[in-house]
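# Close look at the chain arrangement
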Amino acid sequence: MSEYEKKIPSDTIYQKQQNKVDDFSFNRQVVDVFPDMIERSIPGYANIIDGVGRLAAKFTVAKFNVYDLGCSLGAVSLSIAKHNQQHEIQIIGIDNSPAMVERCQRHVDSYTYTTPINIKEADIVDFEINNASVIVMNFTLQFIEPGLRNKLMSKLFDALIPGGILILSEKIKLGNEVMDSAIIELHHDFKRENGYSNLEISQKRTALENVMILDEYSLHEKRLLKTGFDAVSIWYQQFNFVSFFAIKG
Ligand code: GEK
């Protein structure tokens, strides 16, 4: 754990009743508490970060790029750097939140892995991506406007070399009202057990309503196969939080 990680404040953003809950944004206030927020909100987050690093390391190819799209504070980039022992690669982390990028750079700089990690502030929809053996979007696609998702997946497919992989982690809809409400309850139980109150859970939900748009897993799979990927498989799931990967033949 870095010095920075030891001093992370707790997420209390939605603790007080707000007259009007604004749309969620990755601003300075969120960045300050982000590691605490994401750990207490995404079931299995630490396992996913570790697993993504291990999985990615199986597909890195010397001289080719690895992308961490929507890198936040660089957790995926750092996990890949930790698990990639053998190949000379560069990891490129991209995020469009200036506050996130500034903090991410400081966080990444506090580690001494030999694999270089370059953090850039950009919108992944416009940013040029190329010569990639591995591309990761860990809980980022859900924040991209739905109308842009097909085109973005095609761009990522084109950027990958044959044999390359795209790792996606997403919160999903199950597509059945009864099953969805059961699984959402399990997620809320998880948040309550992590110290969030019902008010915090409900205000955060309102804040995310227009910002985080979920797809069903079947849509993700169909989209990736239609884009040209050879196969898609889930490697981790807890409740409605899924991590899966697609391979380019
Ligand atoms: C992790 N992957 O810790 N372009 C670039 N970045 C974007 C865009 C965009 N168009 N839209 C959103 N983001 C991280 C967690 S968080 C998920 C990812 C969450 C960024 C946004 O600024 C934020 O940092 C990240 O995507 C989503 O493994 O907080 O639930």
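Our subject is the structure listed above.
Residues numbered from 1 in each chain as written. Predicted model: local features only at pLDDT ≥ 70, side-chain atom pairs only at ≥ 80, totals over all residues. Heavy atoms only, no water.

### Quick notes on the environment of Ile172
Looking at the element boundaries, Ile172 is found in the loop between strand E5 (160-171) and helix H7 (177-193). The class for Ile172 is buried, based on a relative accessible area of 4%. C-alpha separation for the pair Ile172 and Lys155, spaced 17 residues apart in sequence, amounts to 22 Å. With residues near it in sequence (within four places) discarded, Ile172 still touches Leu214, Asp215, Tyr217, His220, Gln237, Asn240 and Val242. (Helix = DSSP H or I, 4+ residues; strand = E, 2+ residues; numbered from the N terminus. Buried < 20%, exposed > 50% of the residue type's maximum accessible area, 1.4 Å probe, protein only. Contact = heavy atoms within 4.5 Å.)

### Some points on the site of the ligand
Taken together, 20 residues sit near the ligand, with Tyr45, Gly70, Ser72, Asp95 and Asn138 positioned nearest. In this structure, an oxygen atom belonging to the ligand sits 2.8 Å away from a side-chain N or O atom of Ser72. At 2.8 Å from an oxygen atom of the ligand is found a side-chain nitrogen or oxygen belonging to Asn138. Here the ligand has 660 Å² of accessible area as a free molecule, and 93% of this is covered by the chains. Sorting the residues of the shell around the ligand by element identifies helix H2 (28-41) and helix H3 (45-57) as the ones contributing at least two each. (Near = heavy atom within 4 Å. Polar contact = N/O pair within 3.5 Å; in protein donor to acceptor, adjacent residues only side chain to side chain. Areas by Shrake-Rupley, 256 points an atom, 1.4 Å probe, with all protein chains shown as cover.)

### Here's the deal with the packing of H2 against helix H5 (residues 98-109)
At a closest axis distance of 8 Å, the pairing of H2 and H5 adopts a crossing angle of 40 degrees. Here H2 lies oblique to H5, going by the angle between them. Viewed along their axes, H2 and H5 form a crossing whose handedness is right-handed. Counting all contacts with H2, which are made through Arg28, Val31, Asp32 and Phe34, the residues of H5 involved are Ala99, Met100, Glu102 and Arg103. Per-class residue counts for the contact of H2 with H5 are four nonpolar, no polar and four charged. (Axes fitted to C-alpha atoms, helices over the stretch in contact; angles between N-to-C directions. Parallel < 35°, antiparallel > 145°, perpendicular 65-115°, else oblique. Left-handed = near helix turned anticlockwise from the far one by under 90°. Nonpolar A, V, L, I, M, F, W, Y, C, P; charged D, E, K, R; others polar.)

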